[in-house]
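Fold and geometry: a report
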Amino acid sequence: MKPKIFSMPLIVCCIVMLFITKTISAQGTEKSCKMQKQYALNCHSNPEMTGIVKTIEYYVEGGRKGDSKITEKAFTDNATMSWSENGQIRTVPIKVLYDIVDKSGASTASYKLLDCNIEQNIAIVKIQSQFGPQEYIDMFTLIKDIDNWKIVSKIYRIKS
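My aim in this report is to walk through the structure given alongside it, one point at a time. Note that the structure is predicted; figures quoted are calculated from it, not measured.

Scanning the chain from terminus to terminus reveals five helices and six strands. In sequence order, the secondary structure elements of the chain are arranged as α-α-α-α-β-β-α-β-β-β-β. Put simply, the chain has 160 residues, and 35% of those count as buried. Residue pairs at least 24 apart in sequence account for 47% of intrachain contacts in the chain once pairs closer than 6 positions are excluded. Of the roughly 10,200 Å² of accessible surface on the chain, 57% is carried by carbon and sulfur atoms.

Let's shift gears to the environment of Gly 51. Topologically, Gly 51 is positioned in helix H3 (residues 49-65). The class for Gly 51 is partly exposed, based on a relative accessible area of 23%. Along the chain, Gly 51 and Asn 148 lie 97 residues apart, while their C-alpha atoms are 6.6 Å from each other.

For the rest of this paragraph, the subject is a nonpolar patch on the surface. Taken together, the side chains of Ile 122, Ile 143 and Val 152 define a hydrophobic patch exposed on the protein surface, amounting to about 210 Å² of accessible area. Position of Ile 122 among the secondary structure elements: in strand E4 (residues 122-131).

Spatial strand order, E2-E1-E6-E5-E4-E3: six strands in an open sheet with mixed pairing. Looking at which strands have only one partner, the edges of the open sheet turn out to be strand E2 (88-93) and strand E3 (109-119). Each strand of the sheet is rotated relative to its neighbour by a mean of 20°, with strand direction disregarded.

With that out of the way, let us pick up the nonpolar core. Within the largest apolar cluster, 29 residues are counted, with the highest numbers of intra-cluster contacts made by Ile 52, Ile 56, Tyr 59, Phe 75, Val 125, Ile 127 and Leu 142. Counting residues per element, the ones that place at least two in this core are H3, strand E1 (75-85), helix H5 (95-104), E3, E4, strand E5 (134-144) and strand E6 (149-158). No other element matches H3, which puts six residues into this core. With residues near it in sequence (within four places) discarded, Ile 127 still touches Ile 56, Tyr 59, Tyr 111, Lys 112, Leu 113, Leu 114, Tyr 136, Ile 137, Asp 138 and Phe 140.

Rules of the game
Residues numbered from 1 in each chain as written. Predicted model: local features only at pLDDT ≥ 70, side-chain atom pairs only at ≥ 80, totals over all residues. Heavy atoms only, no water. Helix = DSSP H or I, 4+ residues; strand = E, 2+ residues; numbered from the N terminus. Buried < 20%, exposed > 50% of the residue type's maximum accessible area, 1.4 Å probe, protein only. Contact = heavy atoms within 4.5 Å. Areas by Shrake-Rupley, 256 points an atom, 1.4 Å probe, with all protein chains shown as cover. Patch = residues over 30% accessible without salt bridge, like charges linked within 9 Å, V, L, I, M, F, W, Y side chains within 5 Å. Salt bridge = Lys/Arg side-chain N within 4 Å of Asp/Glu carboxyl O. Pairing = 2+ DSSP bridges. Axes fitted to C-alpha atoms, helices over the stretch in contact; angles between N-to-C directions. Core = buried A, V, L, I, M, F, W, Y, C linked by side-chain atoms within 4.5 Å.

Right under this line is the structure:
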């Protein structure tokens, strides 16, 4: 018997749905449960989710391979990256991230989808990512052109 091969987006969606189901069953109030169900319906039953996951995969895979050419596929040309450093907001062109990816080289990389909100051709996605030993919380705003989802902005914090 030939083994079945599943795509990464399908596997990610199944894992997230399992997480959501567990979260829903752990919620104490009906309102929280309804909000979680709304999230599940909006995000994972949305046919746009496959394209969004593909974009996030470019971001993570570029870090895994230390190759900004892969990372670049996830972002618009004028995308920005922002964070808070010593109480000051810093915003830089996304090229700064590409330079970091290339300088850092290949490393272990993973992510977990924490939240998303999709409204037609725009989306906001929150992930927990890990590149090497460092963990981050990343939030992305995305927009879809004719065929592809692209990240317009990335904000992040180092997870402590």
